[in-house]
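Topology and contacts: notes
Residue-level listing of the chains:
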Amino acid sequence: MYKSAKRASAFIAVMSLGNCASFEAPKNIEPIATGKGYQAQYRAPTRRSAEASFLQSATMNAETCLPLRGGSGGKGAGSLGGERLTRNDLVEIFVSGGDDTFGGSYVVSRDGTLKLPFLQPIQAQGRLSSDIEKDISAALLSGGFFVESPRVSVRVKDFASVTVGVSGAVFEPHAVEIGSVSGDRLDGRRQDALGASSEGRNLSAALRAAGGIRPDADISAIELRRADKLYKLDMRGVFEGENNVDIMLLSGDEVLVPSRQCFQDDLMRPSPISPPGISLFVSNLTQPATGNAPSANGRETRQVPYGTRYLQAAININCVGGAKTTSANRSAVLFSRNPETKVSVVIERNIEKLLRRPERDDFDPYLLPGDAIACYDSSVTNVTEVGRVLGVLSLGAL
């Protein structure tokens, strides 16, 4: 029985050591080897640093970019500025020189009008308060309620939430609800006071609610379709601290973000229209880490800032470092997906080799929402595990 156990142990040792050999590199449908994947940083490093060309990825990404479409066709944002009313907004109307017949709180009706007593409905959808004031004053005068034009004040008490469609080069295209209070719920404290904030209904809020813009987005020509009119908005200024085209949206608006069909490195940074962060799925069941909890990893995901790269994430989930002779030479695998084609991609890197190469930025991919990273042990750790298993089997045989 001792000899049988010994032969079994030897067989297991051979098989285990064979498993320590390098596996075949992951295959992908995308031509990442030539830098033609969603981002050129997916391609593998050259064998020797001396043969490398430095900082080429951004140039390779830009080679396939379609021209910027901003400035051609459509209407500009100039006619969309200001706080414009939409369905379900709550306003307070004051009329000077008369009784309280016409003054009071009103909600913009489903048809986009304000319905004051004894007057024809006043169009409010998409209009400024100042324009509505003029129409009410003129209607009161023409209706014989005043002998001269009364002074009218329309003040917003609460902006309602709106539902708009967002499609194109965003991470989660769908109809989104944005605004102060969602659905039919009311905020009594806000409605007791005059004045309301409209930032929650801005274009930037809708883009973030749809997952944020993708790195291939053409933000120079974001399309807004309102009723039967098409507007093109240039939002490149948001990355430079300028946000003067962040217009207020109305119910029924449709937003389309066109794609330049290329990865733009300069869009991989936080902004009012970028993803708020990245939910990164991780697996780090390595030695010396014995589980996700001791490694400070959540049960499913970790949150990392938008613009985080592969090496930063590897450090964040404890894939890097340790005793050099036993655990430093680890590798990690990045699982991602091309958001344009929906095709998956798997990237494997030897972490220690990559961080020591001077051209690392050319092969250090940016992380995208929904990416996943898995760590693998070093060869020494794998051999150590084989020895531990053999020791357990030997003791069992005795």
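An account of the accompanying structure is given in this report. (Residues numbered from 1 in each chain as written. Predicted model: local features only at pLDDT ≥ 70, side-chain atom pairs only at ≥ 80, totals over all residues. Heavy atoms only, no water.)

1. Regarding the sheet that holds strand 1 (residues 90-95)
Pairing in this open sheet of three strands is antiparallel, and the strands run 2-1-5 from one edge to the other. Single-partner strands in this sheet number two, and they are strand 2 (104-107) and strand 5 (152-158). Adjacent strand axes in the sheet meet at a mean angle of 30° when their direction is disregarded. In the sheet, strand 1 pairs with strand 2 via four bridges, with the strands oriented antiparallel. Residue pairing for strand 2: E92 is matched across the bridge by S105. Helix-sheet contacts for helix 3 (residues 129-142) involve strand 1 and strand 5, and the interaxial angle to strand 5 is about 135°. (Pairing = 2+ DSSP bridges. Helix = DSSP H or I, 4+ residues; strand = E, 2+ residues; numbered from the N terminus. Axes fitted to C-alpha atoms, helices over the stretch in contact; angles between N-to-C directions. Contact = heavy atoms within 4.5 Å.)

2. Overview of the nonpolar core
Residues V166, L207 and L249 are the most contacted members of the largest nonpolar core, which totals 30 residues. Those residues within four positions of L207 in sequence are excluded, and the remaining contacts are V166, V170, G212, I213, I222, M235, V255, V257 and I273. Counting residues in hydrophobic clusters, the runner-up holds 29 residues, among them L311, C319, I351 and I373. (Core = buried A, V, L, I, M, F, W, Y, C linked by side-chain atoms within 4.5 Å. Buried < 20%, exposed > 50% of the residue type's maximum accessible area, 1.4 Å probe, protein only.)

3. Thoughts on the state of the cysteines
Overall, the coordinates contain two disulfides when judged by the stated rule. Each sulfur of the disulfide joining C65 and C262 lies 1.9 Å from the other. Between C65 and C262 the disulfide shows an S-S torsion of about 85°. By sign, it is right-handed. Taken together, the residues C65 in the loop between helix 2 (57-62) and strand 1 and C262 in the loop between strand 10 (254-257) and strand 11 (278-283) connect sequence positions 197 residues apart. Residue C262 is classed as buried on the basis of its relative accessible area of 2%. Paired through a disulfide, C319 and C375 show a sulfur-sulfur distance of 1.3 Å. Of the two residues, C319 sits in the loop between helix 6 (310-316) and strand 13 (331-337) while C375 sits in strand 15 (residues 372-376), which places them 56 residues apart along the sequence. Side by side, C319 and C375 carry an identical accessibility label, which is buried. Shown here for the protein is a disulfide pattern of 1-2, 3-4, where each number marks a bonded cysteine counted in sequence order. (Disulfide = S-S within 2.5 Å.)

4. As for the side chain of S137
Mapped onto the elements, S137 comes out in helix 3. Judged by its relative accessible area of 9%, S137 is buried. Look past the residues within four positions of S137 in its chain and what remains in contact with it is S149, P150 and V152.

5. Looking at the pattern of salt bridges
Applying the stated rule across the entire model yields 13 salt bridges. In this structure, E92 engages K157 in a salt bridge whose closest nitrogen and oxygen atoms are separated by 3.8 Å. With E92 in strand 1 and K157 in strand 5, the pair connects residues that are 65 residues apart, well separated along the chain. The exposure classification of E92 matches that of K157, with both residues buried. (Salt bridge = Lys/Arg side-chain N within 4 Å of Asp/Glu carboxyl O.)

6. A short note on helix 3
With 14 residues, helix 3 extends 20 Å from end C-alpha to end C-alpha; this agrees with the ideal 20 Å at 1.5 Å per step. Within the sequence span of helix 3, burial applies to S129, I132, E133, I136, S137, A139 and L140. Down the axis, helix 3 shows its buried residues gathered within 165° of arc, on one side only. Turned more than 90 degrees from where helix 3 packs its buried face, K134 and S142 sit exposed. The inward-facing, buried residues of helix 3 abut strand 1, strand 3 (113-114), strand 4 (122-123) and strand 5. After helix 3 finishes, the residue G144 shows a positive phi value of roughly 80°. (Expected span 1.5 Å × (residues − 1). Arc of directions from axis to C-beta.)

7. Some words on the environment of D266
For D266, the location among the structural elements is in the loop between strand 10 and strand 11. Judged by its relative accessible area of 47%, D266 is partly exposed. Measuring from C-alpha to C-alpha, the distance between D266 and P215 comes to 8.2 Å, with 51 residues separating the pair along the chain.

8. What to know about the sheet that holds strand 8 (residues 222-226)
An order of 7-6-10-8-9 is seen for the five strands of this open sheet, with the pairing classed as mixed. What marks the edges here is a single partner per strand, and that holds for strand 7 (174-178) and strand 9 (229-233). For this sheet, the mean inter-axis angle between neighbouring strands, taken without regard to orientation, is 25°. Of the strand pairs in this sheet, strand 8 and strand 9 are connected by five bridges, and their pairing is antiparallel. Within the sheet, the bridge partner assigned to R225 lies in strand 9 and is L230.

9. Digging into the packing of aromatic side chains
What the rule picks out here adds up to four aromatic pairs. Centre to centre, the rings of F102 and F145 are 5.1 Å apart; their planes meet at 70°, and the pair counts as edge-to-face. Residue F102 is found in the loop between strand 1 and strand 2, and its partner F145 is found in the loop between helix 3 and strand 5; the two are separated by 43 residues along the sequence. F102 gets classed as buried once you look at its relative accessible area, which sits at 6%. (Phe/Tyr/Trp six-rings, centres within 6.5 Å; stacked < 30°, edge-to-face > 60°.)

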